[in-house]
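# Survey of secondary and tertiary structure
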Amino acid sequence: MSHCRGSGLVCGHNGETYASECAAWAERVSVDYKGGCAAVGSKHGKNSRCGGIKCSPLPSEDCTKVFPPGGCCPICGAALRLLYSQKLSDWSVEAIRDVDPVVVQTIAEKFREHVKVTECDVFAYLSLESDIIVLVIAISDSPTKLQVEACIREAEKLQALIKQHSPTLLTELPLSFFTTAMMIDPVSDSMRRWFFHFIFARSDTYSSNGSRNELKNPLIMASHDYVGVSILMSSG
């Protein structure tokens, strides 16, 4: 935690306010911006609620700007959106009855063990769409282009391990039910965030026969096999 700052309120990407950056990092939560949490959204979305948020400058000109889902400010590194199998999660529920419940912090700590570059750190949080978002961030005070690229490569390595169903991950219960991972692109993901803001801005809709129906989670509607990790996970 030598690179974190020890004083001043900050807002984590999980939407929680922390006493300091170090306090957020201790729970494996990355910081979105300084000060208490006042908004959740994206500066790129049509219905943005981040207009009044002042983002700190990125630590280096070599940083690749990535806007994590639900975040207002870019990070210096890479972000992954993780999906899981319902069948594997049901099996996991049975398997973990007699052990401590799996939380997002545990997932971040487990993935961190697979990142070998010391200038990169791993954080995770539950997004508004109930996905697990894993961030691999360059934590040096002024990261070089090589260090930033190394963190991106580490994120790509985690993505490959998940998509290839690596035995390395399958032997670890908190990571075993993840079935795929997607690198988050600043442009395409901002469009997805706009879509979710638009969908959830309306709490209900009407069916073709005039009856009123609540909208279902768009991710669940899009796929019956892969949904956001929300059943087993909590944010703390």
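Here the structure is shown first, and the text comes after it.
This one's a predicted model, so the numbers in the text were calculated from it and none came from an experiment. (Residues numbered from 1 in each chain as written. Predicted model: local features only at pLDDT ≥ 70, side-chain atom pairs only at ≥ 80, totals over all residues. Heavy atoms only, no water.)

### Concerning the state of the cysteines
Applying the stated criterion across every chain, the model contains six disulfides. The side chain of Cys50 participates in a disulfide bridge whose partner is Cys72; the two sulfur atoms lie 2.0 Å from each other. Its S-S torsion of approximately -65° makes the covalent link between Cys50 and Cys72 left-handed. Of this pair, Cys50 sits in the loop between β3 (31-34) and β4 (65-66) while Cys72 sits in the loop between β4 and β5 (75-85), and the two are 22 residues apart along the sequence. (Disulfide = S-S within 2.5 Å. Helix = DSSP H or I, 4+ residues; strand = E, 2+ residues; numbered from the N terminus.)

### Details of the nonpolar core
Counting 30 residues, the largest nonpolar core has Leu82, Phe111, Val134 and Phe178 as the members making the most contacts within it. Elements that contribute at least two residues to this core include exactly β5, α3 (104-112), β6 (120-126), β7 (132-138), α4 (145-163) and β8 (178-183). If you tally residues by element for this core, the top one is α4, at seven residues. One finds Ala24, Ile75, Ile133 and Leu135 within the second-largest nonpolar core, a separate group that totals 16 residues. (Core = buried A, V, L, I, M, F, W, Y, C linked by side-chain atoms within 4.5 Å. Buried < 20%, exposed > 50% of the residue type's maximum accessible area, 1.4 Å probe, protein only.)

### Quick word on the packing of aromatic side chains
With the rule as written, the count across this model stands at two aromatic pairs. Their ring planes at 55° and their centres at 5.2 Å tell us that Trp25 and Phe123 sit as a pair that is tilted. Here Phe123 lies in strand β6 and Trp25 lies in helix α1 (residues 21-26), a separation of 98 residues in the sequence. Residues Trp25 and Phe123 agree in their burial class; the two are buried. Note on Phe111 and Phe178: the rings are 6.1 Å apart at their centroids and 40° apart in plane angle, and the pair reads as tilted. (Phe/Tyr/Trp six-rings, centres within 6.5 Å; stacked < 30°, edge-to-face > 60°.)

Honestly, it's all geometry; don't read function into it.
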